[in-house]
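One-letter residues, chain by chain:
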Amino acid sequence: MKQPKRPKRPPAAIALISFILAFGCFFSAGYGLVSLIYRWTGTPSQFWVSLIASLTGMILFIGAAFIFRWITIRRTHSIRQHRAIHDQLLNAMTRIAQGDFDVFIDTQDAFIYDDIAEGINKIAKELGSMEQLRQDFISNISHEIQSPLTSISGFAALLKNDTLTDAQRNHYLGIIEAESKRLSALSDNLLKLSVLETGVEPLSFKEYRLDKQLADVALMLEPQWCAKNIAMEADLEKVMIQGDEGLLSQVWVNLLHNAVKFTPEGGVIRVVLQADQTDVCCLIADTGIGIASEDQIHIFERFYKVDKARERALGGNGLGLSLAKKIVELHGGHITTESAIGKGTTFTITLPRHFSH
């Protein structure tokens, strides 16, 4: 590899001539400055004229040399600083490109490029958060798939035993069927969330009776709440709404199904629907086990389960509320929750009657 050529230094003779010329120029400048002063003060003897002119020229020369040196040092320092900051920014972007998002640039050190440094810090933070979400998602989905697959595999192996009674065989087949439905529901919910978030399929808005839809969903779940002797109370105002009927039906199914699932024997579920000129408000309240305050801020996150063991036993996969929240938001509405341990849970869904889309 060829070494880069170094710039040639000027010969000593040229440097000496430059020094002499510069000194002469400043001496002449000093003589001219002193002559101007003498117009007001009077001209002293020739000796003093020469001495003062020489000293003045010498002071000007030294001052100019000092200023030149100061500018040169500042310029060199600035170039080095720019180069160091440039290398720091380039190194940060290289690390991000390689998948390392643990990057932070102190904007005080990079004050010249503070906007760029803040932008890189923001990118690194957001990409780091996305990577963590991706890893959590993979971990959660792997766990949710592995659990039913293990059950299916285990009980399918037990079915090979010829000594099983009909009752045992039917019990194992029932477990396999339930776990298969869990896998199917998980796949279906993941697909729906993916489609809704990417916007691949547009929502199909039409005007329909929301109170009738809520009544139909409650009747559809009647075998479940009757089996637990739960009282279903409904106060439904007649309301026309504009929305995607199929998707909103999924919201009510998920919320009412959760209410039935987590309400003990002999409990109460109350559904209230009210409306004004612009908005519709639906309350779904139960007298179930409730949700702790520290868990309420997470319940709409994918795969979040307040009690993983309890949810798994009841067949949940932690996607129902995420899906409901996404559907409500796509309709321009919002969903909130109020709950306390042992006192039940209330979900409040607010939707515009006529959504501009």
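Residues numbered from 1 in each chain as written. Predicted model: local features only at pLDDT ≥ 70, side-chain atom pairs only at ≥ 80, totals over all residues. Heavy atoms only, no water.

Put simply, the rule reads: UniProt positions are given in the numbering used here, feature names are shortened, and annotations may be inferred rather than shown by experiment.
Under an unreviewed UniProt entry, the name given to the protein chain is histidine kinase, and the organism recorded is Dehalobacter restrictus. Recorded in UniProt for the protein chain, the comment headed Subcellular location (unreviewed entry) runs: "Membrane".

## Focus on the nonpolar core
For clarity, the threshold we go by: Only buried Ala, Val, Leu, Ile, Met, Phe, Trp, Tyr and Cys residues count toward a nonpolar core, and they belong to the same one when joined by side-chain atoms within 4.5 Å. Burial classes: relative accessible area under 20% of the type maximum marks a residue as buried, over 50% as exposed, and values in between as partly exposed (1.4 Å probe, protein chains only). Secondary structure elements are taken from DSSP: a helix is a run of H or I of four residues or more, a strand is a run of E of two residues or more, and numbering for both begins at the N terminus. For this analysis, residues touch if any pair of their heavy atoms sits within 4.5 Å.
If you look at the biggest cluster of nonpolar residues, it comprises 36 residues, and the most contacted ones within it are Leu210, Val251, Trp252, Leu255, Phe347 and Ile349. Of all the secondary structure elements, the ones that give two or more residues to this core are α5 (210-220), α7 (245-261), β4 (268-275), β5 (279-286), α10 (320-330) and β7 (344-352). Per-element tally for this core: the top contributor is α7, with 8 residues. Ignoring anything within four residues of it in the chain, the contact list for isoleucine 349 reads Trp252, Leu255, Val280, Cys281, Cys282, Val328, His334 and Ile335. In this structure, Ala92, Ile96, Ile120 and Ala124 belong to the second largest nonpolar core, which totals 9 residues.

## Description of the confidence of the model for the protein chain
One rule of thumb: low pLDDT means the predicted coordinates there are not for detailed reading. What counts is decided by this rule: Along the chain, pLDDT gives the predictor's confidence residue by residue, from 0 to 100.
Per-residue pLDDT for the protein chain averages 76, and the proportion of residues at 70 or more is 66%. Across residues 308-314 the pLDDT falls below 50, and counting only partners more than four positions away or on other chains, this stretch makes 11 contacts in the model.

## Brief notes about the packing of aromatic side chains
Quick note on the threshold: Within 6.5 Å between ring centres, the rings of Phe, Tyr and Trp (the latter by its six-membered ring) count as paired, and their orientation is classed by plane angle as stacked under 30 degrees, edge-to-face over 60, tilted in between.
For the structure shown, the criterion picks out 2 aromatic pairs. Look at phenylalanine 300 and phenylalanine 347: their rings are 6.3 Å apart centre to centre, the planes differ by 75°, and that puts the pair in the edge-to-face class. One end of the pair, phenylalanine 300, is in the loop between α8 (293-296) and α9 (308-313); the other, phenylalanine 347, is in strand β7, with 47 residues separating them in the sequence. On the basis of relative accessible area, phenylalanine 300 is assigned to the buried category, the value being 17%. A residue is classified by how much of its surface remains accessible, and phenylalanine 347, at 6% relative accessible area, is buried.

## So, the sheet that holds β4
Under the convention used in this document: Pairing between two strands is assigned when DSSP locates at least 2 bridges connecting them. The axes used here are C-alpha line fits, helices contributing only the stretch in contact, and every angle between their N-to-C directions lies in the interval 0 to 180 degrees.
If you trace the 5 strands from one edge of the open sheet to the other, you get β2-β4-β5-β7-β6, paired in mixed fashion. Of all the strands in the sheet, just β2 (231-236) and β6 (334-340) have a single pairing partner and so form its edges. Each strand axis lies, on average, 10° off the axis of its neighbour in the sheet, ignoring direction. The pairing of β5 with β7 spans 7 bridges and is antiparallel. Across the sheet, alanine 285 pairs through a bridge with threonine 346, a residue of β7. The strands that α10 touches are β6 and β7; relative to β7, the one it contacts most, it runs at about 25°.

## Points about the state of the cysteines
Selection rule: Note on disulfides: each one is a pair of cysteine sulfur atoms within 2.5 Å.
All chains considered together, the criterion is met by 0 disulfides. Cysteine cysteine 281 is unpaired, with the sulfur of cysteine 282 as its nearest cysteine sulfur at 7.4 Å.

## Quick word on unusual backbone geometry
The backbone phi angle of asparagine 229 is positive, close to 55°, even though this residue is not glycine. When you line up the elements, asparagine 229 lands in the loop between α6 (222-227) and β2. Since its relative accessible area comes to 57%, asparagine 229 is described here as exposed.

## Looking at the pattern of salt bridges
For clarity, the cut-off: One speaks of a salt bridge when a side-chain nitrogen belonging to Lys or Arg is within 4 Å of a carboxyl oxygen belonging to Asp or Glu.
Counting across every chain of the model gives 5 salt bridges. Among the ionic pairs, glutamate 245 bridges to lysine 206, the shortest N-O distance being 2.8 Å. With glutamate 245 in helix α7 and lysine 206 in strand β1 (residues 206-209), this residue pair connects regions lying 39 residues apart in the sequence. Overall, the relative accessible area of 43% leaves lysine 206 in the partly exposed class. A salt bridge links arginine 270 to glutamate 233, with the shortest nitrogen-to-oxygen separation between them at 3.9 Å. Here arginine 270, found in strand β4, pairs with glutamate 233, found in strand β2; they are 37 residues apart in sequence, far enough to count as distant. The partly exposed category is assigned to arginine 270, whose relative accessible area is 40%. For glutamate 233, a relative accessible area of 38% translates into the label partly exposed.

## Thoughts on the side chain of threonine 345
Condition: Think of a polar contact as two N or O atoms within 3.5 Å of one another; within protein, one of them needs to be a possible hydrogen donor and the other a possible acceptor, and neighboring residues in sequence only count if both atoms come from side chains.
The topology assignment puts threonine 345 in strand β7. Assessed through its relative accessible area of 6%, threonine 345 is described here as buried. A polar contact of 2.8 Å, which involves the side chain of threonine 345, links it to the side chain of serine 339. When sequence neighbours within four positions are dropped, the list of residues in contact with threonine 345 reads Ile284, Ala285, Asp286, Gly290, Ile291, Thr337, Glu338 and Ser339.

## What about the pairing of β4?
Within a regular strand, side chains alternate between the sheet's two faces. Relative to β4, β2 is paired through 6 bridges, and the arrangement is parallel. What sits directly across from aspartate 235, in β4, is valine 272. Relative to β5, β4 is paired through 7 bridges, and the arrangement is antiparallel. Along β5, the bridge assignment pairs isoleucine 269 with aspartate 286. Here β4 folds back onto β5 in antiparallel fashion, the turn holding 3 residues.

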